[in-house]
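# Observations on the model geometry
Letter by letter, the chains look like this.
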Amino acid sequence: MEVMLALVIVAVATAVILNLGRVANKSPYSVSGLEYINTQSKYQALLLCVAGVVLFCLYFVNAANFWLYFALGNIAAPAKGVAWLLISDNQSWASVGVTLSFFITLVTSTFVYLQFRKSGKGLKQVLPYLPWVLLFSLTNSFSEEVVYRLGIIVPLVGSVDTNYILLISAAAFGAPHLRGMPNGIVGVLMAGFLGWLLAKSLIETNGIFWAWLIHFLQDIPIFSAFVIAAANTAFERDCAKARSPSI
């Protein structure tokens, strides 16, 4: 019953999330001269609303687990060892989190760079939009952690074995990335691993601090790449208009 409830919450939220872009595109609301910023700001506002509804539902599903995990948690809690990740038993999440944050962000940045390396001129294009990149990274990571981590962990902890919870989180977070960023099979595997790891951090620390921070750091290069690509496209379009004969 608990598994079905968690899957329904996450499945419905995912279905809504996959259609938020259409709603955002139809809204005339504008905050920037760059269309990508306009669309993404509306998408993130809608995504926060979805996260709010999920939190509301989770509170009534299991209030005890909700208040246990919807917190920053003990950021220095002992980790359970994972030999292939070089994590030792009882190693502090303070050191595990910092190390994983660095290496996972490095991998994500490299992957994104290889996909977007021909899209623009780099940091010079993203700097004017850096506050937006940071804001989108913050809201997107929070909303997705609510849906894909808390949405699974809150209903299941205490009823389902932790290893199964981690696998469910991996599958639920990986599958939508077939169309996301990173995308394709590689994107699914990368996101699936991240979903597994972030769920592990949340359960072991009784809070979302490391999951939210690590996710936030991954979103920065991703949103930066999208902004660079969008700015480059807008620049080329403006140049084309300037070159065209006036009538």
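Here, the structure is the one placed above.
This write-up is about the structure you can find in this document. Every value quoted in this text rests on a predicted model; they were computed, and no experiment measured them.

### Re the environment of Phe136
Within the element layout of this structure, Phe136 appears in helix 7 (residues 130-156). Once the C-alpha coordinates of Phe136 and Phe223 are considered, the two residues, 87 residues apart in sequence, prove to be 7.5 Å apart. Excluding residues that lie within four positions of it along the chain, Phe136 makes contacts with Ile37, Gln40, Ser41, Gln44, Ser141 and Phe223.

### Here we look at helix 7
The terminal C-alpha atoms of helix 7, which comprises 27 residues, lie 38 Å apart, in line with the 39 Å expected from a rise of 1.5 Å per residue. At Leu150, helix 7 is bent by approximately 40°, the largest bend along its length. Across the 27 residues that make up helix 7, a large majority, 21, are buried. Immediately downstream of helix 7, the backbone of Gly158 shows phi near 100°, a positive value.

### Considerations on the packing of aromatic side chains
According to the stated counting rule, one finds 16 aromatic pairs in the structure shown. An angle of 85° between the planes, with centres 5.7 Å apart, marks the rings of Tyr59 and Phe66 as edge-to-face. An angle of 85° between the planes, with centres 5.0 Å apart, marks the rings of Phe102 and Phe103 as edge-to-face. Relative accessible area serves as the criterion here: at 53%, Phe102 is assigned to the exposed category. In this structure an aromatic cluster arises from ring pairing among Phe56, Tyr59, Phe60, Phe66, Trp67 and Phe70. Its guanidinium or amino end placed over the ring of Phe173, Arg149 lies 4.4 Å from that ring's centre, counting from NZ or CZ.

### Observations regarding the packing of helix 7 against helix 8 (residues 162-174)
Relative orientation of the contacting elements helix 7 and helix 8 amounts to 150°, with a least axis distance of 10 Å. Considering their axes alone, helix 7 and helix 8 lie roughly antiparallel with respect to each other. Classified by chirality, the crossing of helix 8 by helix 7 is right-handed. Of helix 8, the residues touching helix 7 (which contributes Glu144, Tyr148, Arg149, Ile152, Ile153 and Leu156) are Ile165, Ile168, Ser169, Ala172 and Phe173.

### Remarks on the environment of Phe226
Relative to the assigned elements, Phe226 resides in helix 10 (residues 209-243). By relative accessible area, which is 27% here, Phe226 ends up partly exposed. Along the backbone, Phe226 and Val126 are 100 residues apart, and their C-alpha atoms lie at a distance of 9.3 Å.

### Quick word on unusual backbone geometry
You will see that Asn90, though not glycine, has its phi angle at about 70°, which is positive. Mapped onto the elements, Asn90 comes out in the loop between helix 4 (63-69) and helix 5 (93-116).

What counts, and at which threshold
- Residues numbered from 1 in each chain as written.
- Predicted model: local features only at pLDDT ≥ 70, side-chain atom pairs only at ≥ 80, totals over all residues.
- Heavy atoms only, no water.
- Helix = DSSP H or I, 4+ residues; strand = E, 2+ residues; numbered from the N terminus.
- Contact = heavy atoms within 4.5 Å.
- Expected span 1.5 Å × (residues − 1).
- Bend = angle between axes of the 7 residues up to and from the residue.
- Buried < 20%, exposed > 50% of the residue type's maximum accessible area, 1.4 Å probe, protein only.
- Phe/Tyr/Trp six-rings, centres within 6.5 Å; stacked < 30°, edge-to-face > 60°.
- Lys NZ or Arg CZ within 6 Å of the ring centre and 35° of its normal.
- Axes fitted to C-alpha atoms, helices over the stretch in contact; angles between N-to-C directions.
- Parallel < 35°, antiparallel > 145°, perpendicular 65-115°, else oblique.
- Left-handed = near helix turned anticlockwise from the far one by under 90°.

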